Amino acid sequence: MIHPVGLGVVMADWSAKNPFMTTISNNFVLNGEGSRKETRHVVFELKDSGLEYKAGDALGVVPRCPTDLVDELLEKLNFSGEEDVETHLGGCTIREALTDRYEIHRVSKKWIEGLSNRISDRSGPVEMKIVRRQRYSSNDGSLIVDWKNDSGQGEVPEGYVEIGSIGDNSAILLNELVSDKSSMEDYIWSRDYIDAISDFRNMGFTPQQLIEGMDRLKPRLYSIASSPEFEKGTVHLTVAIVRYNHHERDRTGLCTGYMADECETGETEVGVFMSPTRSFVLPEDGSKDIIMVGPGTGIAPFRAFLQQREIDKSEGRNWLFFGDWTSKGEYLYEEEMEEWKHRGVITKHDLAWSREGEEKVYVQHLMKKNGQEIWNWIENGAYFYVCGDKQYMAKDVHQTLIDICSEYGGMSPEESKEFVETGLMKTEKRYLRDVY
Ligand SMILES: Cc1cc2nc3c(=O)[nH]c(=O)nc-3n(C[C@H](O)[C@H](O)[C@H](O)COP(=O)(O)OP(=O)(O)OC[C@H]3O[C@@H](n4cnc5c(N)ncnc54)[C@H](O)[C@@H]3O)c2cc1C
Ligand SMILES: NC(=O)c1ccc[n+]([C@@H]2O[C@H](COP(=O)([O-])OP(=O)(O)OC[C@H]3O[C@@H](n4cnc5c(N)ncnc54)[C@H](OP(=O)(O)O)[C@@H]3O)[C@@H](O)[C@H]2O)c1
């Protein structure tokens, strides 16, 4: 549905289910030569979408599964690709389902759990019990345990299935996976459906059975790295490409691999939509100071904030904490940042390089060093922003902020926790986070 929102401006209801199809107009690696990371700057065209955003918002990107992976899976199962299947989004061909409707790059727990039913479907009621267990060393493949139960000395007891009758070790593996949570996690962490089909063999899947239990394909969100007024008609992202090698095959994250390897600049149509934020926004009063902590791809919204503060000619001071592995390889947007620093848009700039010296330097270490001044800024009404890794960085930065407020604000640790978590975060809403 499209409806007017003012003079000549049309705002469209683009969403995850109804994304705007556009192209990438620029896509380049931000890392320096020799870097072992691949962090990309990716620019999407907004064209006539009517899509609007503000600094702080995120963009949703709808990935597609790699054609090679789809082809390989179809071939492994002897499907032509034209077979019809029924999916949560209605009927389509199996090729379309594997490309646009399911995540085929990571095998799902539900799919593995459903395998025992599929085995039964195929060959009548089958009870799988382990009559023999063999463990091999993962280093050299040698046999380290060979166990047979009492009644199973060479013979398979009644009601038991001999390993091998449903495909070598697949019964053992399946039994282990469904009965042991950590084995299951280990298994699905590094495998896709090509691996799973190899491990469990082709169990006579129909195309419909193949997709049952697969995870539905989900869009990914990316913090926007541009201000709409600074970078007119486009939306910019800072994307860490996920690449790894397991079981002798190179793999990528679904969406980052798609943007890096599958999307041809100016050609490939990609679905996008806006994910607006209500909370992670710049202070309405431009005279307020802001402190931004954004290591790695956490820099993205702060590039947007700095562009916006520059365009608005905001008088408040801007303090940026950034960090990554090395200044040579991972100083993202170095030229822009140095230029902003030179022109005084970045008032204070602290850079934490974690793999440059003998010891790791993280953003929170530099916060600690600047504790007194951070406290002065906060006492003076500064806003405090954090973006990037949720699991480790954001937690450590959070604790460091509490420690700083306690030490320099003359509060007990409990009072400081309350001040930060209730006062700054909830009441005054000037401690804001965009963590993932
Ligand atoms: C609000 C928000 C903002 C975000 N902003 C950004 C941003 O600005 N920039 C950015 O880059 N990302 C951002 N992200 C993360 C982004 O949405 C994706 O999660 C990320 O890009 C990975 O997506 P993918 O499809 O490439 O990987 P997926 O296919 O989803 O795979 C990622 C998963 O791969 C697994 N994995 C990683 N390494 C390995 C390994 N060695 N072996 C096995 N498995 C592994 C991990 O479990 C990880 O969760 C944001 C997320 C949110 C929620
Ligand atoms: N939740 C998630 O899924 C999630 C979130 C963020 C990033 N990632 C993934 O991580 C990869 C790289 O992401 P990225 O480029 O944004 O960088 P990043 O991994 O977040 O690293 C940026 C910097 O933060 C440092 N760091 C690590 N632990 C920290 C901590 N506890 N406190 C403060 N700093 C810490 C890193 O140092 P060292 O590496 O030297 O320790 C590095 O210098 C990508 O594959 C991305 O998808 C995943």
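Below, the structure is looked at part by part. (Residues numbered from 1 in each chain as written. Chains lettered and ligands numbered in written order. Predicted model: local features only at pLDDT ≥ 70, side-chain atom pairs only at ≥ 80, totals over all residues. Heavy atoms only, no water.)

A closer look at the sheet that holds strand S12 (residues 234-240)
Within a sheet, adjacent strands bond to each other through the backbone by hydrogen bonds, running parallel or antiparallel.
Here is step 1: Strands sit in the order S4-S5-S12 across an open sheet of 3 strands; the sheet is antiparallel. Of all strands in the sheet, those with a lone pairing partner are strand S4 (24-29) and S12, marking the two edges. With direction set aside, neighbouring strand axes in the sheet form an average angle of 15°.
Here is step 2: Pairing of S4 with strand S5 (residues 39-45) involves 5 bridges; the strand directions are antiparallel. For Phe-28, the partnering residue across the bridge sits in S5 and is His-41. (Pairing = 2+ DSSP bridges. Helix = DSSP H or I, 4+ residues; strand = E, 2+ residues; numbered from the N terminus. Axes fitted to C-alpha atoms, helices over the stretch in contact; angles between N-to-C directions.)

Brief notes about a negative patch on the surface
Here is step 1: Taken together, the side chains of Asp-68, Glu-72, Glu-75 and Glu-262 make up a negatively charged region of the molecular surface.
Here is step 2: When you line up the elements, Glu-75 lands in helix H1 (residues 67-76). (Patch = residues over 30% accessible without salt bridge, like charges linked within 9 Å, V, L, I, M, F, W, Y side chains within 5 Å. Areas by Shrake-Rupley, 256 points an atom, 1.4 Å probe, with all protein chains shown as cover. Salt bridge = Lys/Arg side-chain N within 4 Å of Asp/Glu carboxyl O. Lys, Arg positive; Asp, Glu negative; His and termini not counted. Charge placed at Lys NZ, Arg CZ, Asp CG, Glu CD.)

What to know about the site of ligand 1
Here is step 1: Within the structure, ligand 1 sits among 20 residues, and His-105, Leu-221, Tyr-222, Cys-255 and Thr-256 are positioned closest to it.
Here is step 2: At a separation of 2.6 Å, an oxygen atom of ligand 1 approaches a polar side-chain atom of His-105.
Here is step 3: A distance of 2.7 Å separates an oxygen atom of ligand 1 from a polar backbone atom of Leu-221.
Here is step 4: In the complex, the protein chains occlude 72% of the 980 Å² of accessible area that ligand 1 would expose alone.
Here is step 5: Breaking the shell around ligand 1 down by element, the ones donating at least two residues are strand S11 (220-223), S12, strand S13 (243-246) and helix H9 (254-262).
Here is step 6: At 4 residues, S11 tops the list of elements feeding residues into the shell around ligand 1.
Here is step 7: Class assignment of the residues belonging to the shell around ligand 1 gives a composition of 10 nonpolar, 7 polar and 3 charged.
Here is step 8: Taken domain by domain, the shell around ligand 1 gets at least three of its residues from each of domain 1 (2-63 + 219-275) and domain 2 (67-128 + 166-211). (Near = heavy atom within 4 Å. Polar contact = N/O pair within 3.5 Å; in protein donor to acceptor, adjacent residues only side chain to side chain. Nonpolar A, V, L, I, M, F, W, Y, C, P; charged D, E, K, R; others polar. Domains from an automatic or database assignment.)

Quick notes on the packing of helix H10 (residues 300-312) against helix H12 (residues 334-342)
Here is step 1: Two elements in contact, H10 and H12, have axes separated by 12 Å at closest approach and are oriented at 40°. In this structure, H10 meets H12 at a crossing whose hand is left-handed. Contact residues: Arg-303, Leu-306, Gln-307 and Glu-310 in H10; Glu-336, Met-337 and Trp-340 in H12. (Left-handed = near helix turned anticlockwise from the far one by under 90°. Contact = heavy atoms within 4.5 Å.)

Here's the deal with unusual backbone geometry
Here is step 1: Even without glycine at this site, Asn-78 takes up a positive phi of about 55°.
Here is step 2: Along the polypeptide, Asn-78 turns up in the loop between H1 and strand S7 (84-87).
Here is step 3: Overall, the relative accessible area of 68% leaves Asn-78 in the exposed class.
Here is step 4: The phi angle at Lys-313 is positive, at roughly 55°, despite the residue not being glycine.
Here is step 5: Relative to the helices and strands, Lys-313 resides in the loop between H10 and strand S17 (318-324). (Buried < 20%, exposed > 50% of the residue type's maximum accessible area, 1.4 Å probe, protein only.)

These results come straight from atomic positions and should not be treated as a statement about function.
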